[in-house]
There are 2 protein chains.
Amino acid sequence: MTDSLSSAMSNLDVSKHSHAAPSADAPWASQLPEGILPTKTLVFKPKAGKSAPVKPVVVVALESTDVGSANVLAKEIGIKEMRAAADDIWKDWFGADKETASPLTLSAQNAPGGSHPIFLVIDSAITLAPAGSRLAFHSSSSTESSSIPASEFTKYIDHLKVEQKTIDFVELKNKAPAPPASAAAAGGAAKADKAAAPARGAKLSKSAAVIDDAALVGITVRKAGDFSEWYQQVLRKGDMLDYYDVSGCYILKPWSYTVWESIQSFFDGEIKKLGVSNCYFPMFVSSDVLEREKDHIEGFAPEVAWVTRAGQSDLDKPVAIRPTSETVMYPYYAKWIQSHRDLPLKLNQWNSVVRWEFKHPQPFLRTREFLWQEGHTAHISLQEADKEVKQILDLYRRVYTDLLAVPVVPGVKSEKEKFAGGFYTTTVEGFVPTTGRGIQGGTSHCLGQNFSKMFNISVEDPNASADVRGTPQGRLHVWQNSWGLSTRTIGVMVMVHGDDKGLVMPPRVSQVQVVIIPCGIGVKTTPEGRKAIEDACAKAEQDLLAVGVRAKADLRDVYSPGWKFNDWEMRGVPIRMEIGPKDLEKDSRLLVRRDNGVKASIAASEMVSHVPQLLNKIHDDMYERANTEYTARRKKVTEWSNFTRELNGKNHVIIPWCEMETCEDAIKERSARSSEEGQDEDSRAPSMGAKSLCIPFDQEQFGPIEGLKCPQCQNEAKRWTMFGRSY
Amino acid sequence: MTDSLSSAMSNLDVSKHSHAAPSADAPWASQLPEGILPTKTLVFKPKAGKSAPVKPVVVVALESTDVGSANVLAKEIGIKEMRAAADDIWKDWFGADKETASPLTLSAQNAPGGSHPIFLVIDSAITLAPAGSRLAFHSSSSTESSSIPASEFTKYIDHLKVEQKTIDFVELKNKAPAPPASAAAAGGAAKADKAAAPARGAKLSKSAAVIDDAALVGITVRKAGDFSEWYQQVLRKGDMLDYYDVSGCYILKPWSYTVWESIQSFFDGEIKKLGVSNCYFPMFVSSDVLEREKDHIEGFAPEVAWVTRAGQSDLDKPVAIRPTSETVMYPYYAKWIQSHRDLPLKLNQWNSVVRWEFKHPQPFLRTREFLWQEGHTAHISLQEADKEVKQILDLYRRVYTDLLAVPVVPGVKSEKEKFAGGFYTTTVEGFVPTTGRGIQGGTSHCLGQNFSKMFNISVEDPNASADVRGTPQGRLHVWQNSWGLSTRTIGVMVMVHGDDKGLVMPPRVSQVQVVIIPCGIGVKTTPEGRKAIEDACAKAEQDLLAVGVRAKADLRDVYSPGWKFNDWEMRGVPIRMEIGPKDLEKDSRLLVRRDNGVKASIAASEMVSHVPQLLNKIHDDMYERANTEYTARRKKVTEWSNFTRELNGKNHVIIPWCEMETCEDAIKERSARSSEEGQDEDSRAPSMGAKSLCIPFDQEQFGPIEGLKCPQCQNEAKRWTMFGRSY
């Protein structure tokens, strides 16, 4: 049917994109080049008398758009009811099946007066697509897609003269308070998607990922099925962030920013005890300064954003936006540190840095601007620097274990993986069980004297032998550390704890720890009965706030309890408290845990003592569960033959390692090759090899290393080292 | 002697700059165009036998460089002692007097083997001057200066073949712990400067500004004499900030950043009580979004910094760095606010914004990047928005009065002075007594519905009459506020409280509230005696910390008590506690207040109860002093003939005003003209007219307005309005 296209608009710029066949773990969207937006085409049949002419409703939307309930949409366009169209409609109206039908298969026959008229609904997100982006459509081959410039889409549709309407689905969804999950199962778009899913799903192996009976307002894919889509849905539907019109940048909404504030509050208090002060350096760096440390900047140069213009004037010299602040700060350290009495100098800043990555961005994990803290300290001796590196790393560990309930493995990086220009790097390594990939959680670097020599940060050595006049001889370059922790922490937390219902928030960082929902109010409830319940909810909120629990009574009267349950589950609130007529009668309160769904009724009088304990228990349980999983997924391996098998089983692998860089390269290469044959490939990383993640500080747990050989190269092993695929 | 120049290097690019004759309030530096750095030329005569040949030391330095002690410099260049040269040397060696001698009057005769050899010391800051900048030298006329490109300076000097050495005066100063004020008075550069001062000083009327007997490590000018230079010295020597190699950007060191943290802590806690949540929006804005609200952006466009390149790649579309976030945030408000149940929406962010101003930058007051908070809220009604505007403004007032001990006048801005695109603007207005200029302290804007109409942020009006089906009719655009407070607060604090010795820190925001200094330790002190004193200092520190007082014992043994007194006075620590042998004997502690110098001895046992009270007393006294001054400098005027007289007396003027914009323009013009004739012109603002600063909320204090005429236009007065010159 491409004829219809060419007749409609012969100069339309259609590109073809070849790609691997989409799979559950590497879905279609991930196969497309950046700037090409995947779309979906849905077809509905309005309910009408047998004899009435059929006019299908075709919806063209961004794949990421939640089109909501079919019946809400139907009402919006003046139709009473409609449901997903059967195969014959697709064939008859578009000469294409569900896999291949797209706006490109429309023709003049679909216009009013044509043989097969339709009503076309266009997602407003398509009309708002960023300039320069393209829209991708499925074609008849699973390894090829077509795309057209987003800017030409409207013109193309106008050309076809089909009946059309543009709908803002976000607005539509919000207009009608969405029904809870159970209500949505009765039919509508969820079903339409499901009807469409098996056909395409068979090809995409996606059917397992779709959650049956999930309202489209909820999370529509399983964490284990389509992790990448799940992550994005959880973040957006859990109200953590919103997408932004500058690519690679995201809006941190209060629900996620609060987590960052909790981390800041803890970490800032702890580093102040260590004598660190906060300061602020400008975000701009001159090119001269930026390029001063060549080895170091080499790693950052391709990602540096440059300001070249202010207002209408070109700047004489472009200035960079800091990608990190070593070269920004150290010229001033050289100026400020004149004597050993100026040491130690311990400064930190909470700021944002910019790394204009061209790789696929991922919220919290890889973004062009991100929030972090960067500490930069200078010391008189290596010993003192060493000590601080470990103190800071332990604070990072505590952010994960004590606040986020996420287990991490502390250790030191291999030479290959250490910070560019540094002496050695320590790290806390996290683990995402669903993908089996590791994730660097935070790094504390000892820079040694590399930067102090480059920037000439030196003092007279107070311990050097003195000359005859008693003046010490010789200058000493200071020992430096730098350490950083970013909002990536939040991404790790979501990936580790979230489930098929959405976020699961660790209690200590959750903006709301207990949500209190009035229940059992029906048409027969008297006004007094309703008031009694609502008053009890409000009082519970006040009583809990008074003992330092972040409680919230959700008294919105337009939403049903079920809708509220869903809403707060998606946002991951640790405890839901339900108060209904029976609870009032028995003077009890029903508590439901988000992390494991366990319900318990407690006496109202126990609430203020019980809830804080329960929050701690939930924290401990969440940590224990994640830790048990992570521990089980660290496999000790001494034979190479087991290495890739365990890796492909989504585990980390601990080997007695020789610590040679050539061996590390070989491990990466051999594990990548093996995985290409592999049975259980990793989302987004089908052919990714393993790299060393860290050499754990706790070596004893793995037993003696003496006499062991490196399983890859058979050289003598030095330390047990953790390898794995990673983010 | 320009002949010598032309013979030395005929192609040197010398420009002439005409300007007004420098005066005490408009010093030379302020008369030069931006990018032209003023320099100074000092001449010293080494002490030598009568018969020894004379080889003067000539120092060429940036005017802002503190060259420190002449004898320290002498040692550094291998000379035993030297002092400021008398007139004859200037004449004989350079054929010029002190007013006109400069590097441009050097000649080949000053090279080794010439008739008048010299030793030239070059300030390393000159060799590090930013690319594109020029160096200015005095010439024989007080209304003309010469300049050459900074980049050619070294080449020019090399050409002359004079003996030379480049010195880093910052490093030099730090090498030798500087003597306290009294020691410096014995001779050295302070004296050399003083010797040179009268000659140039007579012309510049600067002698009154120079502080006799001040060590050059201290503040060298009087606040009342050369306010601009004083401000810069106080900030740098008080360790608040350092200059940065990107123009218009400054480093906030811990001493100032702590003030900002105190403000954050207070304000953040208060807005959270009002239901405001923090969030973070990206620093980048697409041009489409930025330019969406034309009136609003018009004010910012000339100052917007644009990122056009990342790594080596040009961006398809440049992105701007936010100058403020209205247009960044409001498209998302339109998306997030779908129903009146989503209101009020109250978000705040702590971030930095960039306004690439081309005017003369001034630390804290006018910088290209600055830190602030920006709150953006949306409400269902004007009434609710109104209420919040005033709540926030009152928090801004409390930041000034309760934390910074700075009086402000709260009020509303005139139509002309309100926020571009807003409905009305409220403000707290501060006052800098030394210059008589006002300064806007923080603004809380009601945006009305202007932005909500532009960005279509609307909800169904819950109060509109319903149609037959009970559905309310009609949409309502939300009412918005935005409010911001920046690090400008810190600049105001410094300008109001600082004195000729440096900073005077308000106790509640000072990183150190009490510094404890061991005294009376001399050569005769036994080791036990020394230890007893130092232990008492350390214990006092611990005891005070335990009751929440930020105390610090300064036990550095290389500095004398006098040096430490100076050092901490410059940094403005509110209380100095001295502990010496007699204090131990009497079990007493000597407390010295920074704000008024008052000393008091208290029993050691009273310390932990007395010090917190004293800190509060100091706060109250500082506020009272500043408030008394500000109140006395607000002059009620009802006759135009008094208006400019009071204004030129460095006062604010309160008039019964008509509130007409044409009248405001006329007032500005007439007060500017008058001041040109004026007797007492304002530094940096000789011909600046008065503008309306605010219409104070408290109108009653000025008496009834009924029947009064506007003194400028004779139309009926509406409200008492405060006019003044301002920053």
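Calculation criteria
- Residues numbered from 1 in each chain as written.
- Chains lettered and ligands numbered in written order.
- Predicted model: local features only at pLDDT ≥ 70, side-chain atom pairs only at ≥ 80, totals over all residues.
- Heavy atoms only, no water.
- Pairing = 2+ DSSP bridges.
- Helix = DSSP H or I, 4+ residues; strand = E, 2+ residues; numbered from the N terminus.
- Contact = heavy atoms within 4.5 Å.
- Axes fitted to C-alpha atoms, helices over the stretch in contact; angles between N-to-C directions.
- Buried < 20%, exposed > 50% of the residue type's maximum accessible area, 1.4 Å probe, protein only.
- Phe/Tyr/Trp six-rings, centres within 6.5 Å; stacked < 30°, edge-to-face > 60°.
- Lys NZ or Arg CZ within 6 Å of the ring centre and 35° of its normal.
- Core = buried A, V, L, I, M, F, W, Y, C linked by side-chain atoms within 4.5 Å.

Section: the sheet that holds strand 29 (residues 652-657) of chain A
All names here are of chain A.
Reasoning step 1: With mixed pairing, the 11 strands of this open sheet are ordered in space as 11-15-16-22-19-18-17-30-31-29-28. Lying at the two open borders of the sheet, with one neighbouring strand each, are strand 11 (277-278) and strand 28 (634-636).
Reasoning step 2: Pairing of strand 30 (residues 691-696) with strand 31 (residues 719-724), which is carried by 3 bridges, proceeds in the antiparallel orientation. When the sheet's bridge partners are listed, Ser-692 is paired in strand 31 with Phe-723.
Reasoning step 3: Docked against the sheet, helix 11 (residues 254-273) engages strand 11, strand 15 (345-354), strand 16 (369-379) and strand 22 (479-486), running at close to 165° with respect to strand 15.

Things to note about the sheet that holds strand 27 (residues 599-603) of chain A
All names here are of chain A.
Reasoning step 1: Ordered by their spatial adjacency, 5 strands build an open sheet running 24-23-25-26-27, and the pairing between neighbours is mixed. Because the sheet does not close on itself, it has two edges, and the strands there are strand 24 (551-553) and strand 27. Pairwise comparison of adjacent strand axes, ignoring direction, gives a mean angle of 25° for this sheet.
Reasoning step 2: As paired elements, strand 23 (residues 514-518) and strand 25 (residues 575-579) share 5 bridges and run parallel to each other. Residue pairing across strands places Ile-517 opposite Glu-578, the latter belonging to strand 25.
Reasoning step 3: Contacts from helix 19 (residues 561-570) reach strand 23, strand 24 and strand 25 within the one sheet, and its direction differs from that of strand 23 by about 170°.
Reasoning step 4: Taken strand by strand, helix 21 (residues 607-632) contacts strand 23, strand 25, strand 26 (588-593) and strand 27, and its axis lies near 10° from that of strand 26.

Observations regarding the environment of Leu42(B)
All names here are of chain B.
Reasoning step 1: Inspection of the secondary structure puts Leu-42 in strand 2 (residues 36-46).
Reasoning step 2: A relative accessible area of 7% means that Leu-42 is categorised as buried.
Reasoning step 3: Here the alpha-carbon distance between Leu-42 and Ala-101, two residues 59 residues apart in the chain, equals 9.0 Å.

What to know about the packing of aromatic side chains
Reasoning step 1: Taken as a whole and assessed by the stated rule, the structure comprises 50 aromatic pairs over all chains.
Reasoning step 2: Their ring planes at 55° and their centres at 6.5 Å tell us that Phe423(B) and Trp479(B) sit as a pair that is tilted. Here Phe423(B), found in the loop between strand 17 (409-412) and strand 18 (424-432), pairs with Trp479(B), found in strand 22 (residues 479-486); they are 56 residues apart in sequence, far enough to count as distant.
Reasoning step 3: The exposure class assigned to Phe423(B) is partly exposed, which follows from its relative accessible area of 37%.
Reasoning step 4: You can call Trp479(B) buried: its relative accessible area is 18%.
Reasoning step 5: For the ring pair Trp657(B) and Phe723(B), a centre distance of 5.2 Å and an interplane angle of 90° mean the geometry is edge-to-face. Remark: Phe723(B) occurs in strand 31 (residues 719-724) and Trp657(B) occurs in strand 29 (residues 652-657); sequence separation between them is 66 residues. For the pair shown, Trp657(B) and Phe723(B) are each scored as buried.
Reasoning step 6: These aromatic residues form a ring-pair network of at least three members: Tyr244(A), Phe281(B), Tyr330(B), Tyr332(B), Tyr333(B), Trp336(B), Phe451(B) and Phe455(B).
Reasoning step 7: The ring of Phe358(A) carries Arg368(A) above its face, with NZ or CZ at 5.5 Å from the centroid.

Digging into the nonpolar core
Reasoning step 1: Phe284(A), Ile321(A), Phe284(B) and Ile321(B) are the most contacted members of the largest nonpolar core, which has 206 residues in total.
Reasoning step 2: Apart from the residues lying within four places of it in its own chain, the contact partners of Phe284(A) are Val307(A), Val319(A), Ala320(A), Ile321(A), Tyr244(B), Val246(B), Cys249(B), Ile321(B), Val354(B) and Trp356(B).

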